Structure formats: structure tokens, C-alpha cells
Amino acid sequence: MADIVQVSAIIPTFNRRELVCRAIDSALAQTFPVDEIIVVDDGSTDGTGQMLQDRYGQRIRYAWQPNAGVSAARNLGMSMARGRYIALLDSDDEWFPEKTARQHAWLEQRPGFGMVVCDIEMVDGELQVIGIYRRRDVIREDGWALRWALANPALAPASTLMRREVYEDIGGFDESLRTAEDIDYHLRIARRWQIGVVEETLVRTMRGHEGLSAQARTYDDYLLVFERAAEAARGVVSDPERREALAMAYIRNARGLMLGSRWGEAARLLAKAWRCGNLGVRRQVFAQLAFAGRRLVHNVLKRH
């Protein structure tokens, strides 16, 4: 190949012709150039394809597929990518100009690492800042991070840069998952590759607008992913850490289920947490039972 492709950016999109331009423009504005920007249109019906052709022409690679979900779109993009490094950028997110430069330099200096992440500025639909997600709060040490990922497996795909070899080893996103596919991918990578953190805010992600995370199925997908990952971590993460991480996952999801008045399912998860948890976990279970009591009283009072 005459020209070495260093970084490939994968941008899946569906009916976001206005938002996707922010994402693409942020990739084009990187101080360390992104060699190829692959936009995978997941069956848009709002004229996205023609708009992208008119606005960007040959500056991007455009692919269209029948609507199959974000995982399938990302997977198609990664299969097309030629870069030594692969970066993911959802169409409602954007990179700050130094993102690729900082992460590329970090991985170039650490050949044993497969992926690096960064801090994230979270904004609402009006682009007002609602918080900063600092990855060092979760991944406390660079290296084999599965124990940290199990304890808190959240991942914003836009915050990552990974070696091509990671994709070749792990494969793509699980297309059977409607939600929690990013968490699943994070845990699979952490099982086999070292992960590091650039402690800078290099990505802006949008929260609280038309996302999948509020769907009821989110809890079911999350638990499927987490139980599968906890089992796969046997022999890598100590049994007490695995049990505590699993119990805390049950508790987090039980609280969400209670907010959706799915009381029976929440009770079953709290019972699971109680059985596999330590004293600290059981205190958390009591706290959630107290929350459930307050919630039930509130619901009764609202009806009268």
C-alpha cells in the first residue's frame, strides 16, 4: 500500500442528517489527521446520503445498509477500515481537536496496550454541560483493567482508540444486543487486552435525547452481558471481586426496575445480590428496600 493509513474513524448514523455533520466536522478538524472517515448509514430515510455527498464528497467514505442497528453499522464500518488504529464516533457525539493526537501518541509509546480511553464532557440536547466523566475514577491503573471494568463497565465508544489487532482478535459488536452492546465490547476487550487512560477531556457526548438507554430492554440486555462477562472472568478476577461486582450490577438494575414499577423483577435481583454479596453489598440491598418503600408510599399517595 503506497500510503499507510494510520487512523480510521467509524461513524454510524440513522436519520440524523443535522447531528452527523457535527461528528464528521470534528473528525476532519483533528490536529493529527484522520486518514479515512467511514460513515455507515443504517437505512436513513431523511436524505442523509445525498446531503453527505453534497457536503463532503470524497473527504468521507459512505456506505448504506438496510436498517440493522448501531452494532451492525459499526461492524460494517470496521470491516471496511484500513487503518492501523480504529476510532469509533457516534453521530451525536464529537471529538475535541487533540483527541486523535493524544491517543495515537499514547498507544505508539505503549505497544503492549490494545485500547486507550479519555475523559468525556457530557451535554444535554441543548449542548449544556451536565458533567464530566473521568475515566480514572473507574480504571484506576493502566494495564489489565477487567477488574475495574466489571465494577463499572460503562463505555462511551467515542472516547476510544484501539489497535486494529484488537478488532481482529475480538471481532465486532454483538448484533443480537439491542442495547448494552458497548458495555459488552468493553468487557470483551478488557478480558484480552490492556487498556489505558488519557486523563484529558477530549470527547463531547450527548445524553438524554432519543437514546436507547431508557428502554425497558436495557436492563435485560445489561444483565445478560454482565452475567456472561462475570463467568468469563473466572480465573482472571478473584471470586470475591466477581461476586461483589455481579451483586452491585443486580442492585443498580433493581433500582432502575423499581423506577419503572417492575417490582417483581427488582425483588428477584435484590435477592440475587443478597445471596452473592458481602456485608457492604447487603447494606446496599437494605438501602434499595428502603427506597422501594418510599417509592410505593409515594405512588399510593399520588392515587389518593
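Residues numbered from 1 in each chain as written. Predicted model: local features only at pLDDT ≥ 70, side-chain atom pairs only at ≥ 80, totals over all residues. Heavy atoms only, no water.

## With respect to the packing of aromatic side chains
Okay, so step 1: Throughout the structure, instances matching the rule amount to four aromatic pairs.
Okay, so step 2: Here Phe173 and Tyr185 contribute two aromatic rings whose centre-to-centre distance is 4.1 Å and whose plane-to-plane angle is 25°, an arrangement assigned as stacked. Of this pair, Phe173 sits in the loop between helix H6 (164-170) and helix H7 (181-192) while Tyr185 sits in helix H7, and the two are 12 residues apart along the sequence.
Okay, so step 3: Residue classification places Phe173 among the buried residues on the basis of a relative accessible area of 5%.
Okay, so step 4: Judged by centre distance (5.4 Å) and plane angle (85°), the rings of Trp274 and Phe286 are edge-to-face. With Trp274 in helix H10 (residues 263-276) and Phe286 in helix H11 (residues 279-303), this residue pair connects regions lying 12 residues apart in the sequence.
Okay, so step 5: Here the guanidinium or amino end of Arg110 rests over the ring plane of Trp106, the centre of that ring lying 4.1 Å away.
Okay, so step 6: In this structure, Arg147 packs its charged tip against the face of Trp148, placed 4.3 Å from the ring centre. (Phe/Tyr/Trp six-rings, centres within 6.5 Å; stacked < 30°, edge-to-face > 60°. Helix = DSSP H or I, 4+ residues; strand = E, 2+ residues; numbered from the N terminus. Buried < 20%, exposed > 50% of the residue type's maximum accessible area, 1.4 Å probe, protein only. Lys NZ or Arg CZ within 6 Å of the ring centre and 35° of its normal.)

## Examining the environment of Arg135
Okay, so step 1: Note on placement: Arg135 falls in the loop between strand S7 (129-133) and helix H5 (146-151).
Okay, so step 2: Take Arg135: its relative accessible area is 0%, and that puts it in the buried class.
Okay, so step 3: Non-local contacts of Arg135, meaning those with residues more than four positions away in its chain, are made with Val117, Cys118, Asp119, Ile120, Ala154, Leu155, Ala156, Ser159, His186 and Val197. (Contact = heavy atoms within 4.5 Å.)

## Topic: the nonpolar core
Okay, so step 1: Core analysis: the biggest nonpolar cluster contains 62 residues, and Met78, Ile139, Leu150, Met162, Tyr185, Leu187 and Ile189 have the highest contact counts within it.
Okay, so step 2: With nine residues, the single largest contributor to this core is helix H9 (residues 239-259).
Okay, so step 3: The residues contacting Met78, other than those within four sequence positions of it, are Ile10, Ile86, Leu88, Met162, Tyr167, Gly172, Phe173 and Tyr185. (Core = buried A, V, L, I, M, F, W, Y, C linked by side-chain atoms within 4.5 Å.)

## Considering the packing of helix H1 (residues 19-28) against helix H2 (residues 48-56)
Okay, so step 1: Running from amino to carboxyl end, H1 crosses H2 at an angle of 30°, the nearest separation of the two axes being 12 Å. As for how H1 packs across H2, the hand of that crossing is right-handed. On H2, the residues touching Val20, Cys21, Ile24, Asp25 and Leu28 of H1 are Met51, Leu52, Arg55 and Tyr56.
Okay, so step 2: Among the residues making up the contact of H1 with H2, the classes are represented as seven nonpolar, no polar and two charged. (Axes fitted to C-alpha atoms, helices over the stretch in contact; angles between N-to-C directions. Left-handed = near helix turned anticlockwise from the far one by under 90°. Nonpolar A, V, L, I, M, F, W, Y, C, P; charged D, E, K, R; others polar.)

## A look at unusual backbone geometry
Okay, so step 1: A positive phi angle, close to 55°, is found at Asn15, a residue other than glycine.
Okay, so step 2: As for its position among the elements, Asn15 is in the loop between strand S1 (7-13) and H1.
Okay, so step 3: For Asn15, a relative accessible area of 31% corresponds to the partly exposed category.
Okay, so step 4: Unusually for a residue other than glycine, Ser261 sits at a positive phi of about 60°.
Okay, so step 5: Along the chain, Ser261 falls in the loop between H9 and H10.
Okay, so step 6: With relative accessibility at 40%, the residue Ser261 sits in the partly exposed group.

## A word on the UniProt feature "domain: Glycosyltransferase 2-like" (unreviewed entry) in the chain
Okay, so step 1: Sites flagged by UniProt as "domain: Glycosyltransferase 2-like" (unreviewed entry) map to residues 8-170.
Okay, so step 2: A distance of 17 Å separates the end C-alpha atoms of residues 8-170, which is 33% helix and 25% strand. (UniProt positions renumbered as here; feature names shortened; annotations may be inferred.)

## Here we look at H7
Okay, so step 1: An ideal rise of 1.5 Å per residue puts 16 Å on 12 residues; H7 measures up with 17 Å between its terminal C-alpha atoms.
Okay, so step 2: Among the 12 residues that make up H7, nine are buried, leaving the element largely enclosed by the rest of the structure.
Okay, so step 3: When we look at burial in H7, the residues that qualify are Glu181, Asp182, Ile183, Asp184, Tyr185, His186, Leu187, Ile189 and Ala190. (Expected span 1.5 Å × (residues − 1).)

## Details of the pairing of strand S3 (residues 61-64)
The two faces of the sheet receive side chains in turn, since in a regular strand these alternate between them.
Okay, so step 1: Bridging between strand S2 (residues 36-41) and S3 involves four bridges; their strand directions are parallel. Directly across from Val40, in S3, lies its bridge partner Ala63.
Okay, so step 2: Handedness of the β-α-β unit built from S2, H2 and S3 comes out right-handed. (Pairing = 2+ DSSP bridges. Right-handed = clockwise from strand over helix to strand, strands pointing away.)

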